[in-house]
Amino acid sequence: MQNRTFIQAFVRNKLGLIGFIGVMIIVALGIFAPAIASYPKGYGPVTLQPPSGANWFGTDGLGLDVFAEVVWGARTSLYVSFMAVGVAAVIGIPSGLISGYKKGTLGAIIDTIIDIFLTLPMLPLMIVIAAIVGSSITNVALVIGILAWPSLARVTRNSTMKISEMQYIEAAKCLGISSRTILFKHILLNLAGPVLVNMTLVMATAVLSESGLSFLGLGDPSTWSWGSILKKAWDSGAIIDTPNPWWWWFFTSAFIMVYVICFNLLGNGINDALNPKTRD
Amino acid sequence: MGNYIIRRILKGLLTIFVSATIAFFIIRLMPADPVTLLIDPKMGPEVKQEMMHQFGLDKSIGEQYVIFIQQGLTGNLGISFKTREPVMDVLMQKLPWTLLLLSIVVTLMLAIGIPIGMLAAKKRNSWFDKFISVFIVMGISIFIPFLSFALLYIFSYRLGLLPSGGAYTPPPGHGIAYIINVGKHAILPALTLFVGNVATIILYTRNSMNEVLKEDYIRTAFSKGWNEKYVVRTHALKNAMIPTITVSGLIIGSMVGGAVMTETVYGWPGVGRLIFDSVSALDFPVLQGAFIILAVAVVTVNIVTDLVVAWLDPRIKLGG
């Protein structure tokens, strides 16, 4: 019954549904990449060709099909974002819950660790770590996940603090209900909204970070990723120099934006459907 | 409250210390040896030895760390491998450029974002609110290089109105001419950073205002017959601002170092660009210094935000 209300509420929200469909399409592109386009390598016949029936997104400086590059790049982006969000959730949610609820030493220690991690400048640190650990896609995903957990922990912690000040939690405590039951039954369920929204944000940020790192030349050079396509376009002066092959960077960046937007819409849709205050 | 402030500052100092330590050790893990990159391979091993000694790289990691902390406490962040200048001087040259960009962006994002967020909450479900929702989703999803490329393509390549990079066109000029010169160069990077951040501010302001306006005490205030403006100003605003303030703190803190992408694309000579260049050049001392500056900035902003939040919402018993 509960699930059915959630699905009904979610489907009624058009933007959330658009996000969900968009995410599914990109997931399908990533999974079926080999069937959609052949892996772009070597040199193509005509360089810097504008979009046409044969090359939907035109060709790049080596004459390779930009559409094929974007499709194969989707695989990398999906892999990185799912893995990063998993890592961030496993570390972030429990530590946020505990530090928000426990006022003792343990809470203070976790809180300090969250603070310190939030203090570390994310992108610069990612750049340095990516330079150290070497540019495999798995390493990049791990780095993004490990550095993304504090924001999830902070959201969890702040909401936990707010909720645990509420009267029904006081009442539960007075009734002698154990901390664990209060945490998981009364607090965690009420956190679902903010936490899920933050997880979709992490999902979106992970792609932005991966694309950013590859764009700065710190990604995996042996794999196609959206960021590395943009790096090649930027390095060859495709943006401000003449000739100006706008299709080289435009379609690729548009895919990054669509991907991130779809995840954000999906997150909002889930949040609204879960939250009885905004459901109707 | 006084006790709380002291504890908060001590925690801030600890945070800076730990960040500096993490920065020191992470940077030491970088694979390449900077001296090998710096010197001509034709030079003999004794020259290399001399350089290692000069930069203190012949000592053990432990000794290097002790020296790093001792010097750091006196404000000495070492010597840049690349330019041989004191790191503090290098940072002080770059920091004003980052702060210039930051202050433009933060001023605009708060001045424009908060009123728009409040208006969207007041006119809930109107066409304005819907338009703002679309803008928010686009804004928080922005990929910095995409926006930069699009702006450069339109304003620099097509229209030829604005410069494509750098902080000024040489000669920089004096007085008003200098301000105009720099201002023209700052427009695109500032706009790039503004779009994403203002969307975040609008989002938080609108959502928390929506939440607060549904509270019982607001309904009570309305039922007393007070007008909307009065209720929003005296009852809702203070509580609704809490999430906005928290997120502003996070934005400011991250922007001191988070402008790497923007500064790199536009060739803006700030701390972000410096970090990117220092990674390629394996300039450890500059990287460490930059991380410490960033840590100090974030800690300071966090303390200020926490104090403001504690002052606004006594329910959050921060001292407890």
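Here's a quick rundown of the structure. Computed from a prediction, not measured in an experiment: that's the story for all the values here.

1. Considering the overall build of chain B
- From N to C terminus, chain B includes 13 helices and 0 strands.
- Counting helices and strands in the order they occur from the N terminus, chain B gives α-α-α-α-α-α-α-α-α-α-α-α-α.
- Looking at chain B alone, contacts between residues at least 24 apart form 71% of all its contacts between residues at least 6 apart.

2. Here we look at the overall build of chain A
- For chain A, the helix and strand inventory stands at 12 helices and 0 strands.
- Each helix and strand of chain A, placed in order from N terminus to C terminus, yields the pattern α-α-α-α-α-α-α-α-α-α-α-α.
- Put simply, chain A has 280 residues, and 52% of those count as buried.
- Nonlocal contacts in chain A, meaning residues at least 24 apart in sequence, comprise 72% of its contacts between residues at least 6 apart.

3. So, the interface of chain B and chain A
- Contacts between chain B and chain A engage 44 residues on the former and 37 residues on the latter.
- Counting residues per element, the ones that place at least two in the side of chain B that touches chain A are α1 (2–28), α6 (127–140), α7 (144–158), α10 (228–258), α11 (260–266), α12 (271–281) and α13 (284–312) of chain B.
- The element best represented in the side of chain B that touches chain A is α1 of chain B, accounting for 8 residues.
- Classifying every residue of the side of chain B that touches chain A gives 30 nonpolar, 11 polar and 3 charged.

4. What to know about the nonpolar core
All names here are of chain A.
- Within the largest apolar cluster, 168 residues are counted, with the highest numbers of intra-cluster contacts made by Ala 84, Met 126, Ile 127, Ile 144 and Val 202.
- In terms of residue count, the dominant contributor to this core is helix α4 (residues 66–101) (16 residues).
- Residues within four places of Val 202 in sequence aside, it is in contact with Ala 84, Val 85, Ala 88, Ala 148 and Leu 152.

5. Quick look at α12 of chain B
All names here are of chain B.
- Counting buried positions along α12 yields 8 of 11 residues, so the element is predominantly enclosed.
- Looking only at α12, the buried set comprises Val 271, Gly 272, Arg 273, Leu 274, Ile 275, Phe 276, Ser 278 and Val 279.
- Positive backbone phi, approximately 50°, marks Leu 282, located one or two places after α12.

6. Brief notes about the environment of Asp 58 of chain B
- Looking at the element boundaries, Asp 58 of chain B is found in the loop between α3 (45–54) and α4 (61–73).
- With residues near it in sequence (within four places) discarded, Asp 58 of chain B still touches Met 52 and His 53 of chain B.

7. Remarks on unusual backbone geometry
Residue and element names in this part refer to chain B.
- Between Pro 170 and Pro 171 the backbone carries a cis peptide bond, its omega angle lying at -5°.
- Within the secondary structure, Pro 171 is located in the loop between α7 and α8 (175–213).
- For Arg 84, which is not a glycine, the phi torsion comes out positive at approximately 65°.
- The phi torsion at Asn 125 lies on the positive side, around 70°, for a residue other than glycine.
- Topologically, Asn 125 is positioned in the loop between α5 (87–122) and α6.

Calculation criteria
Residues numbered from 1 in each chain as written. Chains lettered and ligands numbered in written order. Predicted model: local features only at pLDDT ≥ 70, side-chain atom pairs only at ≥ 80, totals over all residues. Helix = DSSP H or I, 4+ residues; strand = E, 2+ residues; numbered from the N terminus. Contact = placed C-beta atoms within 7 Å. Buried ≥ 20, exposed ≤ 12 C-beta atoms within 10 Å, placed from the backbone. Nonpolar A, V, L, I, M, F, W, Y, C, P; charged D, E, K, R; others polar. Core = buried A, V, L, I, M, F, W, Y, C linked by C-beta atoms within 7 Å.

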